[in-house]
Amino acid sequence: MKAFGLIGWSGSGKTTLIAKLLPALIARGHRVSTIKHTHHKFDLDTPGKDSYRHREAGATEVMVASSQRWTLMHELRNDPEPDMTDLLARMAPVDLVIVEGFKSHAFPKMEIHRPATGKPLRGADDPTVVAVASDAELDSCPLPVINLNDVDAIATFIETHMELIS
């Protein structure tokens, strides 16, 4: 499957952009999934629920299913964090997977950059960063810069770069 990443400093607007990009890409006829990387310990389960109790009792994987959705939780139990290839192999096939984070993995990415945050531009030295979406002019940036608020232009760039347009 084709994966395209959005990276940027915390608070740069990655999640907000993804929430706008998904409907735009889907309206263009693409099937799209997402992967979100987090550095924090997280839990999707509720203490006391059966699935939580199964996991806490030592199950490596717990699947919860209903007529509306299903989810699979996998406990690493001190195994190393899986890489992008392993994660993509577990997903159902789609036209495109939008990845939030995983900045050190080798797949094409767009950096979300807001100069007002005071953080430096990361992508200038990273060959996997192919463009920047920003809310400001970045005259010295050697990469294509797209207006962060122009979701259609960003969707078109991703379609073209990932060869999703027939």
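Throughout what follows, the structure given in this document is the object of discussion. Keep in mind that what you see is a predicted model, and the values were worked out from it rather than measured.

## Some details on the pairing of strand S6 (residues 109–113)
Regular strands have side chains that alternate between both faces of the sheet. For S6, the tally of buried residues reaches five of five residues, placing the bulk of the element in the interior. Summarising the sheet, S6 and strand S7 (residues 129–134) pair through five bridges and their orientation is parallel. Paired with Glu-111 across the bridge in S7 is Val-132.

## Description of the nonpolar core
Ranked by internal contacts, the top residues of the largest apolar core, which has 24 residues, are Phe-4, Leu-6, Leu-17, Leu-21, Leu-96, Met-110 and Ile-154. Elements with a minimum of two residues in this core: strand S1 (3–7), helix H1 (14–27), strand S5 (96–100), S6, S7 and helix H4 (151–161). Aside from chain neighbours lying at most four places away, what touches Leu-6 is Lys-14, Leu-17, Ile-18, Leu-21, Ile-98, Val-99, Glu-100, Gly-101, Met-110 and Ile-112. By size, the runner-up hydrophobic cluster in this structure holds nine residues, among which are Ala-3, Ile-35, Leu-88 and Val-97.

## Side note on the sheet that holds S1
The strand order across the open sheet built from six strands is S2-S5-S1-S6-S7-S8, with neighbouring strands paired in parallel fashion. Looking at the sheet topology across the chains shown, the edges are occupied by strand S2 (32–36) and strand S8 (145–147). Going across the sheet, the axis of each strand differs from the next one's by a mean of 25°, ignoring polarity. On top of the sheet, H1 reaches S1, S2, S5 and S6; it is set at about 170° to S5, its chief contact.

## Points about unusual backbone geometry
Excluding glycine, residues mostly carry a negative phi; peptide bonds, for their part, are mostly trans. A positive phi angle, close to 45°, is found at Arg-77, a residue other than glycine. Its location among the elements puts Arg-77 in the loop between strand S4 (70–74) and helix H3 (84–89). Overall, Arg-77 belongs to the partly exposed group, its relative accessible area being 40%. The phi dihedral of Phe-102 falls on the positive side, at around 50°, and the residue is not glycine. With respect to the helices and strands, the residue Phe-102 is situated in the loop between S5 and S6.

## Section: the packing of aromatic side chains
Within this structure, the stated rule accounts for zero aromatic pairs. One residue, Lys-109, lies across the ring of Phe-107, its end atom 4.5 Å from the ring centre. Between the NZ or CZ atom of Lys-119 and the centre of the ring of Trp-9, over which it lies, the distance is 5.1 Å.

## Quick word on the packing of H1 against H4
Relative to each other, H1 and H4 sit at 70°, their axes nearing to 10 Å. In terms of axis orientation, H1 runs roughly perpendicular to H4. Crossing handedness for the pair H1 and H4: right-handed. Residues Leu-17, Lys-20, Leu-21, Ala-24 and Leu-25 of H1 lie in contact with H4, whose contacting residues are Val-151, Ile-154, Ala-155, Ile-158 and Glu-159. Residues of the contact of H1 with H4, tallied by class, amount to eight nonpolar, no polar and two charged.

Calculation rules
All residue numbers here refer to positions counted from 1 along the written sequence of the relevant chain. Totals for whole chains, interfaces and linings use all residues, but because this is a predicted model, local features are given only for residues with pLDDT of at least 70 and pairs of side-chain atoms are given and counted only at 80 or more. Excluded from the side-chain calculation are hydrogens and water; included are all heavy atoms of the structure. Residue burial is assigned from relative accessible area. The probe radius is 1.4 Å, only protein chains are included, and a residue is buried under 20% of its type maximum, exposed over 50%, and partly exposed in between. The numbering of helices and of strands both runs from the N terminus, where a helix is a DSSP run of H or I of at least 4 residues and a strand a run of E of at least 2. Whether two strands pair depends on DSSP finding at least two bridges between them. Buried Ala, Val, Leu, Ile, Met, Phe, Trp, Tyr and Cys residues form a nonpolar core when they are joined through side-chain atoms within 4.5 Å. Contacts: residue pairs with any heavy atoms within 4.5 Å of one another. To obtain an axis, a line is fitted to C-alpha atoms, over the contacting stretch when the element is a helix, and the angle between two such axes runs from 0 to 180 degrees between their N-to-C directions. Any Phe, Tyr or Trp ring, taking Trp's six-membered ring, that has another such ring centre within 6.5 Å forms a pair; planes under 30 degrees apart are called stacked, those over 60 apart edge-to-face, and the others tilted. In this scheme, Lys NZ or Arg CZ marks a charge over a ring once it lies within 6 Å of the ring centre and within 35 degrees of the ring normal. Working definition: roughly parallel below 35 degrees, roughly antiparallel above 145 degrees, roughly perpendicular at 65 to 115 degrees, and oblique for all remaining angles. In this scheme the crossing of two helices becomes right-handed for a clockwise turn of the near helix relative to the far one and left-handed for an anticlockwise turn of less than a right angle. For this classification, the nonpolar set comprises Ala, Val, Leu, Ile, Met, Phe, Trp, Tyr, Cys and Pro, the charged set comprises Asp, Glu, Lys and Arg, and every other residue, Gly included, is treated as polar.

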